[in-house]
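Below are the chains, spelled out letter by letter.
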Amino acid sequence: MPGIDESLLEAMRLPGARGASLVDWISGLALGAVGEAPGGDWEATAAETAELARHVAESGSLAAGETGSDLDPGKAPPVEDLIATTGDAYHLLRFVSTPFDSTVFLHLWLGRDDGNLALARIRLAEMADRLVLG
């Protein structure tokens, strides 16, 4: 079972991958990062994407029957992943279920010209399931 570094390197082998990170959406800290950072700074990117992930994970309107107050720290967020598109890139955020608190996500930055969003979504889900933290 791969750890953080192995998973991020595996993500970088996807077609069009520009950068990948593992982020704690509570603290906004990057737990690991490889490749280029959107905007040139992984810490700033981690903080900004964590804010978005936290808002979505705690939103009751995106997961029927669950709200932020219903979230059990040991339970996965009700949203599996987020996709943000820009003129030249895709940003894929995949929430990772963990036995302790499930407050991390994988962030993959793909070039739009050579990235395959469908393949990346499938592979990132597989990586999240295999990821070993700790």
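Residues numbered from 1 in each chain as written. Predicted model: local features only at pLDDT ≥ 70, side-chain atom pairs only at ≥ 80, totals over all residues. Heavy atoms only, no water.

We now examine the packing of aromatic side chains. For the structure on display, the rule yields two aromatic pairs. Ring geometry for Trp 25 versus Phe 95: centroids 6.3 Å apart, planes at 85°, classification edge-to-face. Taken as a pair, Trp 25 in the loop between strand E1 (17-24) and strand E2 (30-35) and Phe 95 in strand E4 (residues 89-96) lie far apart in primary sequence, 70 residues in all. Residue Phe 95 is classed as buried on the basis of its relative accessible area of 6%. The structure contains a cluster of three or more aromatic residues connected by ring pairs, namely Trp 25, Phe 95 and Phe 105. (Phe/Tyr/Trp six-rings, centres within 6.5 Å; stacked < 30°, edge-to-face > 60°. Helix = DSSP H or I, 4+ residues; strand = E, 2+ residues; numbered from the N terminus. Buried < 20%, exposed > 50% of the residue type's maximum accessible area, 1.4 Å probe, protein only.)

Before going further, it helps to spend a moment on helix H1 (residues 4-12). Taken residue by residue, H1 has Ser 7, Leu 8 and Ala 11 as its buried positions. Down the axis of H1, the sector holding all buried residues measures 95°, keeping them to one side. Those residues of H1 that are buried are in contact with E1, E2, strand E5 (104-111) and helix H3 (117-130). (Arc of directions from axis to C-beta. Contact = heavy atoms within 4.5 Å.)

Another aspect to go through is the pattern of salt bridges. One pass over the full model with this rule turns up seven salt bridges. Between Asp 81 and Arg 94 there is a salt bridge whose closest N-O contact spans 3.3 Å. Separated by 13 residues along the polypeptide, Asp 81 in strand E3 (residues 81-85) and Arg 94 in strand E4 bring together distant segments of the chain. Across the pair, exposure class does not vary: Asp 81 and Arg 94 are buried alike. In this structure, the salt-bridge partner of Arg 121 is Asp 81, at a minimum N-O distance of 2.7 Å. A residue pair is termed long-range when its members are at least 10 positions apart, and Arg 121 in helix H3 and Asp 81 in strand E3 qualify at 40 residues. Members of the salt-bridge network, linked through shared partners, are Glu 80, Asp 81, Arg 94 and Arg 121. (Salt bridge = Lys/Arg side-chain N within 4 Å of Asp/Glu carboxyl O.)

So, on to the side chain of Thr 49. Mapped onto the elements, Thr 49 comes out in helix H2 (residues 42-57). The residues touching Thr 49, leaving out its near neighbours within four places in the chain, are Val 23, Leu 93, Phe 105 and His 107.

All right, on to a negative patch on the surface then. A contiguous patch of negative charge on the surface is contributed by Asp 41, Glu 43, Glu 48 and Glu 51. Examined against the element boundaries, Glu 43 turns out to sit in helix H2. (Patch = residues over 30% accessible without salt bridge, like charges linked within 9 Å, V, L, I, M, F, W, Y side chains within 5 Å. Areas by Shrake-Rupley, 256 points an atom, 1.4 Å probe, with all protein chains shown as cover. Lys, Arg positive; Asp, Glu negative; His and termini not counted. Charge placed at Lys NZ, Arg CZ, Asp CG, Glu CD.)

A word on the pairing of E4. In terms of burial, E4 is a largely internal element, eight of the eight residues being buried. Note: E3 against E4, five bridges, orientation antiparallel. Looking at E4, one finds that Thr 85 is bridged to Tyr 90. With antiparallel pairing between neighbouring strands as the criterion, E3 and E4 make up a hairpin whose turn holds three residues. (Pairing = 2+ DSSP bridges.)

This brings us to the sheet that holds E3. Strands belonging to one sheet form pairs held by backbone hydrogen bonds; the direction of such a pair is parallel or antiparallel. If you trace the five strands from one edge of the open sheet to the other, you get E2-E1-E5-E4-E3, paired in antiparallel fashion. Across the chains shown, the open sheet's two edge strands, defined by having one partner strand only, are E2 and E3. Mean inter-strand twist for the sheet, computed between neighbouring axes without regard to direction, equals 10°. Both E1 and E2 contribute to a ladder of five bridges, which runs antiparallel. Along E2, the bridge assignment pairs Gly 19 with Gly 35. Here H1 sits on the sheet in contact with E1, E2 and E5, set at roughly 150° to E1. The strands touched by H2 within the sheet are E1, E2, E3, E4 and E5, with E1 carrying the most contacts at an inclination of about 60°. (Axes fitted to C-alpha atoms, helices over the stretch in contact; angles between N-to-C directions.)

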